[in-house]
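Here are the chains, one letter per residue:
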Amino acid sequence: MDPVDLLEPILQGGIRSVNFFTGRLLSAQDLQQQALAGQQANQQLGRSIGSGVASGLEVSAATAGDPTVTVAQGLAVARSGEVLELRCPITVSLIQPAAPTTAASSPCNWFAPCGGPGAATFVAGAGLYLLTICPASGSEGKAPVNGSAGSAPCNTQYNVQGVQFRLIPLPGFVASDLADARLRNRVAHQCLGDDSQAAFVADPFAAPMTSYGLLDSLRPKPLTDCDVPLAIMYWATGSGLQFIDLWSVRRRVTAPAGAGRWDPAAGDRRRAEAQARFMQFQTHLSDLLSSGASLSGVSATQHFAFLPPAGLIPIIGDLPAERSISLFFGGLTTTNPVFIEAARVESILHESLDYPPIDLTSGLAIRIYQVRENAQAAAAQKYILFASGQMPFHGEARFDVSHWDYSNFI
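Just so you know, these numbers come straight off a predicted model, no measurement behind them.

This paragraph deals with unusual backbone geometry. For the peptide bond that leads from arginine 219 to proline 220, omega is 5 degrees, which places it in the cis range. Inspection of the secondary structure assignment puts proline 220 in the loop between α5 (213–217) and β9 (228–236). Of note, the bond from lysine 221 into proline 222 is cis; its omega dihedral lies within 30 degrees of zero at 10 degrees. Within the secondary structure layout, proline 222 lies in the loop between α5 and β9. The phi angle at leucine 7 is positive, at roughly 70 degrees, despite the residue not being glycine. One non-glycine residue, leucine 57, lies in the positive phi region at around 60 degrees. Note on placement: leucine 57 falls in the loop between β1 (52–56) and β2 (59–61).

This is the structure in structure tokens:
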């Protein structure tokens, strides 16, 4: 390839917009090209910002036992740069229709992202599925035309850009996986790519890790750059949806990789995944407790294979903190609970984002903290904070800060 000179314009692959001047004859193709140029410019901006869910789009079960879910209104950015907005909550059937809707298959619509995402079918029977949102387009109304174009097949008034939902079966899970009570947690662990991150830290000078995790294994097909993952769902024969897990795949808008081979250590993706790991655990635990189980019936080893490096666990009822700890962390190595000031809680949680998850088979000690202000408040929901033994100890007493009866004096 011949080198280019400084200040020499490089036009290959550039955005082509129509040059308007007095006396030029304009065609429909010209106006479509101008609209496409604006869209391409917006996509460039979207790709520079990053991809993920900006707000909303939470997925929840619509009706117990039915293959339907409700998606809240919200905004997201796809890897392709498309901005996707759902203006109002909508109920989505997980059963693929026999034929695409007219809006999604209009032959005259110039908006066709990624060459079309393809069909997805709902499979009756036990299985894991990924729900995504992606662009769609359609047409509205009829435009007035002159006599020569009276029979034009594309005389619609507006081309409308919207969204659609897709359901993608997740391969590689056998019957024994689906029967495991830790399934939800294990799937989240695979999506977060923690094993690959551990391999990177063990040998950062090996071949660059350009992709990792369950979602990357689905790209570019069936998961396209136009898809934004929203949730993973588990459907069981006879009993319907068993769980809907958002944070195993949901990510905030994350800046695109820019650090090359060092992106697993320095990129924004790992920080977004660390935040998602914390949210996934807290939401999973909340779902277990809201399903009717008390904390005395929920143990870490029964429902989780991995814990985040720090998390919050409510103390249910009148159980002493020590009893709640022994029930939830039964069979695991934990330290005796110590009190900390509330001012340390936020810093511990933020610090934990730089640490790997806790493998419950590793024997790693788990530190247990109680918050002094929480313990003193009569009407407050009591809780404990756990943290990985890899993290620095935060329970030391501090002069003129700690309280005598709520401190760890050694």
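Moving on to the environment of arginine 277. Inspection of the secondary structure puts arginine 277 in helix α7 (residues 268–290). In this structure the C-alpha to C-alpha distance between arginine 277 and alanine 310, which are 33 residues apart in sequence, comes to 9.9 Å. The residues contacting arginine 277, other than those within four sequence positions of it, are Leu192, Asp194, Arg270, Pro308, Pro309, Tyr355 and Pro357.

Pairing within the open sheet is antiparallel, and its 4 strands lie in the order β8-β7-β9-β10. Taken across any chain shown, the strands that pair with only one partner, and hence form the sheet edges, are β8 (156–169) and β10 (240–245). Neighbour-to-neighbour, the strand axes of this sheet turn through a mean angle of 30 degrees, independent of strand direction. Inspection of the sheet shows strand β7 (residues 127–142) paired to β9 by 7 bridges, in the antiparallel sense. From the neighbouring strand, isoleucine 133 faces β9, where its bridge partner is valine 228. Its contacts with the sheet put helix α3 (residues 183–192) on β7, β9 and β10, and the angle it makes with β10 is roughly 45 degrees.

Across soluble globular proteins, nonpolar side chains have a tendency to be buried as a group. Leu57, Val59, Val69, Val71, Met233 and Ile244 are the most contacted members of the largest nonpolar core, which totals 23 residues. Residue assignment for this core shows that the elements contributing at least two residues are β3 (68–71), β5 (83–86), β7, β9 and β10. Sort the elements by how many residues they give to this core and β9 lands first, with 5 residues. Sequence-distant contacts of methionine 233, defined by excluding residues within four places in its chain, comprise Val69, Leu94, Gly127, Leu128, Tyr129, Leu131, Leu167, Leu241, Phe243 and Ile244. Within the second largest apolar cluster, 21 residues are counted, among which are Leu288, Ala300, Ile366 and Phe386.

Further remarks concern the sheet that holds strand β13 (residues 338–340). Here we have 4 strands laid out as an open sheet, ordered β12-β16-β15-β13, and mixed in their pairing. The sheet is open, and its two edges are formed by β12 (310–314) and β13, each paired on a single side. The sheet shows a mean angle of 35 degrees between the axes of neighbouring strands, taken without regard to direction. Across 5 bridges, β12 lies against strand β16 (residues 383–388) in antiparallel orientation. Looking at the pairing, proline 314 lines up with tyrosine 383 of β16.

The rules behind each value
- Residues numbered from 1 in each chain as written.
- Predicted model: local features only at pLDDT ≥ 70, side-chain atom pairs only at ≥ 80, totals over all residues.
- Heavy atoms only, no water.
- Helix = DSSP H or I, 4+ residues; strand = E, 2+ residues; numbered from the N terminus.
- Contact = heavy atoms within 4.5 Å.
- Pairing = 2+ DSSP bridges.
- Axes fitted to C-alpha atoms, helices over the stretch in contact; angles between N-to-C directions.
- Core = buried A, V, L, I, M, F, W, Y, C linked by side-chain atoms within 4.5 Å.
- Buried < 20%, exposed > 50% of the residue type's maximum accessible area, 1.4 Å probe, protein only.

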